[in-house]
Amino acid sequence: MYIRILGSAAGGGFPQWNCNCPNCTGVRTSSIRTSARTQSSIAVSADNKSWVLFNTSPDILSQLQSFDKLQPHRTIRDTAIVAILYVDAQIDHTTGLLMLREGCPHHIYCTDMVYQDLTTAFPIFSMLEHWGGNTIHTIACDGQSSFNIEKIEQLSFTAIHLDSKAPPYSLHRHNPHIGDNIGVFIKDNHSGKSLFYAPGLNVISDEVKSFMHQADCVLIDGTVWRDDELVKLKISNKLASDMGHLPQSGKGGMIEVLSDPKLNNSRKILIHINNTNPILNEDSEERKILIKNNIEVAYDGMDIEL
Ligand code: MLT
Ligand code: MN
Ligand code: ZN
């Protein structure tokens with residue numbers, strides 16, 4: 001299985017256009033060791049030819065340009081993307097679909113709740129009816145039923161509900177539903193290798209743990225280092241947990257979760273990293289703690305082969 005990190009930052013990207021936090025200033029002025037990052041998306045393939053796009057970030061056009069395998073130029077209009085899979089309906093994960101309107105209809109896989117958000121409060125699916133619409137496949141997220149995607153049958157996909165948050169704009173932001181956020185377990189049926197992808201989660205349930213333990217690579221929520229990161233920087237009064245993200249540090253944090261001996265043989269990679277997170281600075285103490293714990297930090301253009 002081939003995994004390409006198209007965008008490794010959380011909403012806003014890195015640097016964020018209106019942000020002067022130490023990291024955003026540091027990357028803008030090249031005064032810290034780091035690299036700029038676009039918003040959260042990956043592409044997955046079994047044969048290096050047909051790709052499933054996970055999420056359509058606002059940065060989609062530059063992400064597609066940055067990865068030439070997505071443009072095989074076989075016909076006058078062409079793409080190697082055979083399907084799009086959404087892990088939630090967040091703006092940083094969905095807006096780019098509007099930029100792909102020339103390619104409608106797309107095969108789109110999402111839960112009923114994501115379908116509902118994208119046809120009501122943020123009706124991009126409905127809008128795109130005017131460009132030929134899309135073929136929407138709604139998926140269960142019970143952690144049991146796996147599904148296949150045409151042209152990429154070598155991979156099987158299992159979605160699992162995650163406790164996180166529906167988008168801020170959602171009609172049910174404060175009334176959580178199963179399917180607002182999912183993690184996806186992807187298994188390559190030839191090699192037997194697997195990936196667990198969960199860029200937004202707050203609670204590590206036993207079910208989440210069991211998928212993590214089965215996976216050869218865990219690509220997981222790396223939004224913030226501290227729960228009160230945005231409060232300390234006077235950016236917001238919201239805690240990470242209010243926004244549906246588990247911080248890396250502290251008791252029960254992601255570092256502790258990833259230190260489980262059952263994950264000793266797996267690659268552990270943080271993704272969806274907010275621009276405020278000190279781990280973006282490669283010389284930071286926090287980054288050193290990750291290295292000590294064998295935890296990697298995703299970057300744009302990173303290739304993972306399993
Ligand atoms: C999140 O990951 O919590 C959201 O992308 C936040 C947002 O849309 O601003
Ligand atoms: Mn996000
Ligand atoms: Zn910033």
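Structural notes, computed from the coordinates. (Residues numbered from 1 in each chain as written. Chains lettered and ligands numbered in written order. Predicted model: local features only at pLDDT ≥ 70, side-chain atom pairs only at ≥ 80, totals over all residues. Heavy atoms only, no water.)

**Digging into the overall build of the chain**
When its secondary structure is counted, the chain shows nine helices and 14 strands. At 18 Å, the chain has a C-alpha radius of gyration in line with the 19 Å of a compact globule built from 306 residues. Structurally, the chain occupies a C-alpha span of about 50 × 40 × 40 Å along its principal axes. Counting across all 306 residues of the chain, residues that qualify as buried make up 53%. Sequence-distant contacts, at least 24 apart, represent 68% of the contacts inside the chain between residues at least 6 apart. When the accessible area of the chain is evaluated, it comes to approximately 13500 Å², of which 50% is carbon and sulfur surface. Here the chain carries 26 positive and 34 negative side-chain charges, and the mean point of each set is 6 Å from the other. (Helix = DSSP H or I, 4+ residues; strand = E, 2+ residues; numbered from the N terminus. Rg over C-alpha atoms; globule rule 2.2 N^0.38 Å. Buried < 20%, exposed > 50% of the residue type's maximum accessible area, 1.4 Å probe, protein only. Contact = heavy atoms within 4.5 Å. Areas by Shrake-Rupley, 256 points an atom, 1.4 Å probe, with all protein chains shown as cover. Lys, Arg positive; Asp, Glu negative; His and termini not counted. Charge placed at Lys NZ, Arg CZ, Asp CG, Glu CD.)

**So, the coordination of the manganese ion (ligand 2)**
Around the manganese ion (ligand 2), the protein supplies Asp92 (OD) and His272 (NE2) as donor atoms, at distances of 2.1 to 2.2 Å. Of this pair, Asp92 sits in helix 3 (residues 91-94) while His272 is found in the loop between strand 12 (267-271) and helix 9 (285-292), placing the two residues 180 residues apart along the sequence. There is no split in this pair, since Asp92 and His272 are both buried. (Donors = N, O, S within 2.8 Å, 3.2 Å for Na, K, Ca; no water.)

**Overview of the coordination of the zinc ion (ligand 3)**
Octahedral six-donor coordination of a metal ideally yields angles of 90 or 180 degrees, compared with 109.5 degrees for tetrahedral four-donor coordination. Coordination of the zinc ion (ligand 3) by the protein comes from Cys19 (SG), Cys21 (SG), Cys24 (SG) and Asn275 (OD1), over a distance range of 2.3 to 2.4 Å. Each of the four donor atoms bound to the zinc ion (ligand 3) contributes to angles spanning 103 to 117°, and the resulting shape is tetrahedral. Sequence positions of the residues that donate to the zinc ion (ligand 3) give the spacing C-x1-C-x2-C-x250-N. In this structure Cys21 comes out as buried when scored by relative accessible area, which is 6%. Under the relative-accessibility criterion, Cys24 is labelled buried at 0%. (Tetrahedral: all angles 85-135°; square planar, octahedral: opposite > 155°, others 65-115°.)

**A look at unusual backbone geometry**
At the junction of Phe14 and Pro15, the peptide bond is cis and its omega measures out at 0° in the coordinates. Structurally, Pro15 is set in the loop between strand 1 (2-7) and helix 1 (22-28). Between Cys104 and Pro105 the backbone carries a cis peptide bond, its omega angle lying at 0°. Unlike most non-glycine residues, Ser30 shows phi in positive territory, near 55°. The class of Ser30 is exposed, set by a relative accessible area of 63%. The residue Asn294 is not glycine, and still its phi comes out positive at about 65°. Its place among the elements puts Asn294 in the loop between helix 9 and strand 13 (295-297).

**Quick look at the pattern of salt bridges**
If you walk through the whole model with that rule in mind, you get seven salt bridges. The residue Arg33 makes a salt bridge to Glu282 at a minimum N-O spacing of 3.3 Å. Of this pair, Arg33 sits in the loop between helix 1 and strand 2 (41-45) while Glu282 is found in the loop between strand 12 and helix 9, placing the two residues 249 residues apart along the sequence. With relative accessibility at 46%, the residue Arg33 sits in the partly exposed group. Residue classification places Glu282 among the partly exposed positions, given a relative accessible area of 26%. Among the ionic pairs, Asp228 bridges to Arg226, the shortest N-O distance being 2.7 Å. Classification of Asp228 by relative accessible area gives partly exposed; the value is 24%. The exposure class of Arg226 is partly exposed, given its relative accessible area of 34%. Counted as one network, the salt bridges with shared partners bring together Arg33, Glu282 and Asp283. (Salt bridge = Lys/Arg side-chain N within 4 Å of Asp/Glu carboxyl O.)

**Things to note about the packing of aromatic side chains**
For any pair of aromatic rings, the description consists of the separation of the ring centres together with the inter-plane angle of the planes. If you walk through the whole model with that rule in mind, you get nine aromatic pairs. When the ring of Trp51 is compared with that of Phe67, the centres are 5.1 Å apart and the planes differ by 85°; the resulting orientation is edge-to-face. Remark: Phe67 occurs in the loop between helix 2 (60-65) and strand 4 (81-85) and Trp51 occurs in strand 3 (residues 51-54); sequence separation between them is 16 residues. In this structure, Trp51 and Phe67 share a single accessibility class: buried. (Phe/Tyr/Trp six-rings, centres within 6.5 Å; stacked < 30°, edge-to-face > 60°.)

**Re the site of ligand 1**
In the region of ligand 1, the neighbouring residues are Gln90, Asp92, Met243, His245 and His272. Between ligand 1 and the protein, one listed contact pairs an oxygen atom with a side-chain N or O atom of Asp92 at 2.9 Å. Compared with its free state, where it exposes 270 Å², ligand 1 has 71% of that area covered by protein. A breakdown of the residues in the shell around ligand 1 according to their chemical character gives one nonpolar, three polar and one charged. (Near = heavy atom within 4 Å. Polar contact = N/O pair within 3.5 Å; in protein donor to acceptor, adjacent residues only side chain to side chain. Nonpolar A, V, L, I, M, F, W, Y, C, P; charged D, E, K, R; others polar.)

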